[in-house]
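The primary structure of each chain is shown beneath.
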Amino acid sequence: MATNKEYLDFLSAKQKAHIFSGFDIDISELNKSMFDFQKFIVKRALKAGKYAIFADCGLGKTLMQLEWANRVNKETNKPVLILAPLAVAGQTIKEGAKFHIDICRYDGSNAPIQISNYEQLENIDCSLFSGIVLDESSILKNFEGATKKLILDLFAKTPYKLACTATPSPNDPMELGNHSEFLDVMGRNEMLAMYFVHDGGETAKWRLKGHATKLFYQFIGSWAIMLNKPADIGFEMLGYDLPTLNLIEKQIITPNRDNWQLFNDAIISATNFNAELRLTKKERLDEVVRIVNSRPTENFIIWIKQNEEGEMLKKLLPEAIEVKGADSNEWKEKHLLGFAENKFRILISKTKIASFGMNYQNCRNQIFASLDFSFEGLYQAIRRSYRFGQKNEVNIYLITTDTMANVKQSIDTKQKQFEIMQDEMGKAVNANLNGQLMTTADFDLTEENNEWYKIKRGDCVQLITELENESVGLSVFSPPFAELYTYSSHLEDMGNSKNYKEFLTQFGFLIKELHRVLIGGRNVAVHCMDLPIQKGKEGYIGLRDFSGMILQAFQSCGFIYHSRVTIWKDPVVEMQRTKAKGLLHKQVKKDSTQVRVGIPDYVMIFRKEGEGKDPVTNTDLPVDLWQKYASPVWMDIDYGNTLQGFRNGREDNDEKHICPLQLDTIERLIHLYSNKGDTIFTPFMGIGSEVYQAVKMGRKGIGFELKESYFDLAKANVKAVVQLKNQIAIE
């Protein structure tokens, strides 16, 4: 039998902690040109060995990554590589010279710090380097899967890693997964399982679990630091005040189209976005030219979405220089740097080409000739001009049309999400800096105990140790479904497992105790189902043999596999609820090799070996009812016959919770496998269904429940059934 210490050690390990693999350095040894907050960050990043700096534009990420690379080179006596967006390399080399840090373009030598572009990755011998810096690391998500995988693979064994960017995307968990995976903290799939929930049948939509929000940002804060200004991490600094930012929206009312409507449609989608740009091109670009000509002596950056917009603007603004994707790398770098050096007045480009890493404080005017749905593209582009060190007001002109109103709305929503993430991460980082990370949850261990039932709030694995040996006549329960449902924020909650291995390890502690407390020859009935595998997480659609996992877990703890009941479920109801591709009729016509039957529920029956000194004698079970019970498929279970009010147990941060176990199912199991007066035990009580039915049928119920709101409902439910029994007795 596992000791309590073994289980507590397991819980401690379940709280994911970032393992520092770097080295200490005295802060006085760092570059004298650095501010105190920059030294603090670099020291922390060196100590971690693998770290991310999410610092807003103008806070000196370039100097911090150069000094980090410099110190790693001195510690390891091996070169360090910096990968940067095109044209940023030239600026970084100039910054290095400014701060007396030697850096050169990659040449395969042993030069201390070398820099190259992401596009040159396949031409680099990555084995030369002891450290790697990803400058503007959020650019990772712009690469196709093969390139992203190449970056992860090539630097898998690099001992020192640093990722630097301003905007880890708040609405794209995959990006944070990229950083976590690159830094060897946690794989993408593990991160999704631990902190995110998948929305229904849509394969790409993942969002933070409500209960996991705080823990997730604490997790990020253990291997990253995020700040908008030095004060965010406790450093009050003069000179870190941004100038006024003027967001000037110019909405163009387009001519009425022959669509039999009074007004044009105001909503577009990604599908018709490009078509709408072409329809409104002349009106939008005329407005761009009007704005540029209104300030004839000032620099402008014009952000476009389509090449034809650039062609038209060059004709309307002959002095403008366009940098586009088809240009050579040499042309791009020459003119992106040339604009920073005031060699021409008007730059035309796309955000995916010039919005990452460049410093354009020489330009206070930007025009977005069109907006798309990318908040990060807008944010990064604006930050080329609007950054610490900018002395002038910054004017951002947003050219919109009445037909694209929802694009601006989408950007505004993402801006709010980003601000929430910044706030949450800031709190988490500060908590991590102060050593305040949560390990296990505190909760009030309340209980109610009388002649009919004993219920207690807390962790079932720890509470079951209070039960006497061979004191339980039957155990009935539905275990948490790892990854699929989220029940609470507690580490003790088995539903909060990063993978099935972790779930089964924790479940194993409980099964061993179940074997101890169960009377010899008696049974455990486990309600379960096989679980859908989601394409957005695993890369394919299929089923996970969860019932098989439970079978192996019980057998490994000494139980005998006794029986299995299949409970029929209506596939139409399942299809309507889950929108599962395999159940859709249109999939039959498209490719019926991808369809499947509905997923039934199972009740797995396990028996503890023993002589059966206290047999269950069902002398009142008639043959026709026995024949119904003996059927391998229970067709007549009423899925609506559950304890009412379970939705009242939901809290604001709750995610999906499976419905309570049907009372019909519990009644049959108690009838078949227990005597009146026996103790019926459920380690996952929920709202009290098993205890309720046990009391109703003349048994004593024992139940444990971790989640407070469910425990409170369970108390009310079991009190109600006792009152009902007392009323019947009086009558």
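Here's what I pulled together on the structure shown here. Bear in mind that the values here come from a model prediction, so they are computed numbers and not experimental data. (Residues numbered from 1 in each chain as written. Predicted model: local features only at pLDDT ≥ 70, side-chain atom pairs only at ≥ 80, totals over all residues. Heavy atoms only, no water.)

So, the nonpolar core
Right, so step 1: Formed by 105 residues in total, the largest nonpolar core has its most connected members in Trp-68, Tyr-195 and Phe-216.
Right, so step 2: Excluding residues that lie within four positions of it along the chain, Phe-216 makes contacts with Leu-176, Met-191, Tyr-195, Phe-196 and Leu-208.
Right, so step 3: Formed by 42 residues, the second largest nonpolar core is a distinct cluster that contains Val-517, Met-549, Ala-553 and Phe-606. (Core = buried A, V, L, I, M, F, W, Y, C linked by side-chain atoms within 4.5 Å. Buried < 20%, exposed > 50% of the residue type's maximum accessible area, 1.4 Å probe, protein only. Contact = heavy atoms within 4.5 Å.)

Focus on the packing of helix 1 (residues 4-14) against helix 17 (residues 500-517)
Right, so step 1: Following both chains from N to C, one finds helix 1 and helix 17 inclined at 160 degrees, their axes separated by 11 Å at the closest point. Classed by the angle they form, the pair helix 1 and helix 17 counts as roughly antiparallel. Viewed along their axes, helix 1 and helix 17 form a crossing whose handedness is left-handed. Every residue of helix 17 that contacts helix 1 at Glu-6, Tyr-7, Phe-10, Leu-11 and Lys-14 is listed here: Glu-502, Thr-505, Gln-506 and Phe-509.
Right, so step 2: Here the residues of the contact of helix 1 with helix 17 are counted per class, giving four nonpolar, two polar and three charged. (Axes fitted to C-alpha atoms, helices over the stretch in contact; angles between N-to-C directions. Helix = DSSP H or I, 4+ residues; strand = E, 2+ residues; numbered from the N terminus. Parallel < 35°, antiparallel > 145°, perpendicular 65-115°, else oblique. Left-handed = near helix turned anticlockwise from the far one by under 90°. Nonpolar A, V, L, I, M, F, W, Y, C, P; charged D, E, K, R; others polar.)

Overview of the packing of helix 23 (residues 663-673) against helix 24 (residues 689-696)
If you want to describe how two helices pack, look at the angle between their axes and the distance between the axes.
Right, so step 1: At their nearest, the axes of helix 23 and helix 24 sit 10 Å apart, and the two run at 50 degrees to each other. As judged from the angle between their axes, helix 23 and helix 24 are oblique. In terms of crossing hand, the pair formed by helix 23 and helix 24 is right-handed. Between helix 23 and helix 24, the contacting residues are Leu-663, Ile-666, Glu-667 and Ile-670 on the first element and Ser-689, Glu-690, Tyr-692, Gln-693 and Ala-694 on the second.
Right, so step 2: The residue makeup of the contact of helix 23 with helix 24, split by class, is five nonpolar, two polar and two charged.

Remarks on the packing of aromatic side chains
Aromatic ring pairs are reported here in terms of the distance separating the ring centres and the angle at which the planes meet.
Right, so step 1: Tallying each qualifying case throughout the model produces 21 aromatic pairs.
Right, so step 2: With 5.2 Å between their ring centres and 70 degrees between their planes, Tyr-7 and Phe-509 make a pair best called edge-to-face. Residue Tyr-7 is found in helix 1, and its partner Phe-509 is found in helix 17; the two are separated by 502 residues along the sequence. Exposure class is identical for Tyr-7 and Phe-509. Each is buried.
Right, so step 3: Relative to Phe-344, the ring of Phe-339 has its centre 5.6 Å away and its plane inclined at 45 degrees; by these criteria the two rings are tilted. With respect to burial, Phe-339 and Phe-344 carry one shared label: buried.
Right, so step 4: Linked through ring pairs, Phe-477, Tyr-500, Phe-503, Phe-507, Phe-546, Phe-554, Phe-559, Tyr-561, Phe-606 and Phe-684 together constitute an aromatic cluster.
Right, so step 5: The positively charged end of Arg-668 is found above the aromatic ring belonging to Trp-634, 5.0 Å away from the centroid. (Phe/Tyr/Trp six-rings, centres within 6.5 Å; stacked < 30°, edge-to-face > 60°. Lys NZ or Arg CZ within 6 Å of the ring centre and 35° of its normal.)

Considerations on the pattern of salt bridges
Right, so step 1: Tallied over the entire structure, the rule returns 34 salt bridges.
Right, so step 2: Here Asp-9 makes a salt bridge to Lys-5, at a shortest N to O gap of 2.8 Å. Highlighted residues: Asp-9 and Lys-5, both in helix 1, separated by four residues, approximately one helical turn.
Right, so step 3: Taking the shortest distance from any N to any O, the salt bridge between Glu-333 and Arg-105 comes out at 2.6 Å. Of this pair, Glu-333 sits in helix 12 (residues 329-340) while Arg-105 sits in strand 3 (residues 104-105), placing them 228 residues apart in sequence.
Right, so step 4: You can call Glu-333 buried: its relative accessible area is 14%.
Right, so step 5: Note on Arg-105: relative accessible area 40%, which makes it partly exposed.
Right, so step 6: What emerges from the salt-bridge pattern is a single network uniting Lys-50, Lys-161 and Asp-184. (Salt bridge = Lys/Arg side-chain N within 4 Å of Asp/Glu carboxyl O.)

Structural notes on the sheet that holds strand 13 (residues 346-349)
Right, so step 1: Within the open sheet, the six strands sit side by side as 10-15-14-11-13-12. Their pairing is parallel. At either margin of the open sheet sits one strand with a lone partner, and together these are strand 10 (245-252) and strand 12 (321-322).
Right, so step 2: In the sheet, strand 10 pairs with strand 15 (residues 394-401) via eight bridges, with the strands oriented parallel. Residue pairing across strands places Ile-252 opposite Thr-401, the latter belonging to strand 15. (Pairing = 2+ DSSP bridges.)

A look at a nonpolar patch on the surface
Right, so step 1: A contiguous nonpolar patch, built from Trp-568, Val-633 and Met-635 and spanning about 290 Å² of accessible area, is present on the exposed surface.
Right, so step 2: Tracing the chain through its elements places Trp-568 in the loop between strand 22 (559-567) and helix 20 (571-578).
Right, so step 3: Classification of Trp-568 as partly exposed rests on a relative accessible area of 41%. (Patch = residues over 30% accessible without salt bridge, like charges linked within 9 Å, V, L, I, M, F, W, Y side chains within 5 Å. Areas by Shrake-Rupley, 256 points an atom, 1.4 Å probe, with all protein chains shown as cover.)

Points about the environment of Glu-308
Right, so step 1: Among the secondary structure elements, Glu-308 is positioned in helix 11 (residues 307-316).
Right, so step 2: On the accessibility criterion, Glu-308 (29% relative accessible area) is partly exposed.
Right, so step 3: Aside from chain neighbours lying at most four places away, what touches Glu-308 is Arg-278 and Lys-281.

With respect to the layout of surface pockets
Right, so step 1: When its volume is computed, the second largest pocket comes out at roughly 870 Å³.
Right, so step 2: Gly-60, Glu-95, Lys-98, Asn-359 and Arg-387 are the residues nearest the centre of the second largest pocket, which is lined by 32 residues in total.
Right, so step 3: Going through the elements one at a time, helix 3 (61-76), helix 4 (88-98) and helix 12 are the ones with two or more residues in the lining of the second largest pocket.
Right, so step 4: Ranked by the residues each element gives to the lining of the second largest pocket, the list is headed by helix 4, at six residues. (1 Å grid on protein atoms, 1.4 Å probe; cavity = no way out; pocket = protein on both sides within 12 Å on 5 of 7 lines; lining within 4 Å. Points joined across faces, edges and corners; volume = space filled by probe spheres on them.)

Describing a positive patch on the surface
Right, so step 1: Taken together, the side chains of Lys-535, Lys-581, Lys-586 and Lys-590 present a region of like positive charge at the surface.
Right, so step 2: Locating Lys-581 in the fold gives a position in the loop between helix 20 and helix 21 (585-591). (Lys, Arg positive; Asp, Glu negative; His and termini not counted. Charge placed at Lys NZ, Arg CZ, Asp CG, Glu CD.)

Let's talk about helix 19 (residues 546-556)
Right, so step 1: Burial runs high along helix 19: eight of the eleven residues are buried.
Right, so step 2: Of all the residues in helix 19, the buried ones are Phe-546, Ser-547, Gly-548, Met-549, Ile-550, Leu-551, Ala-553 and Phe-554.
Right, so step 3: With its phi angle positive at about 100 degrees, Gly-558 sits one or two positions after the end of helix 19.

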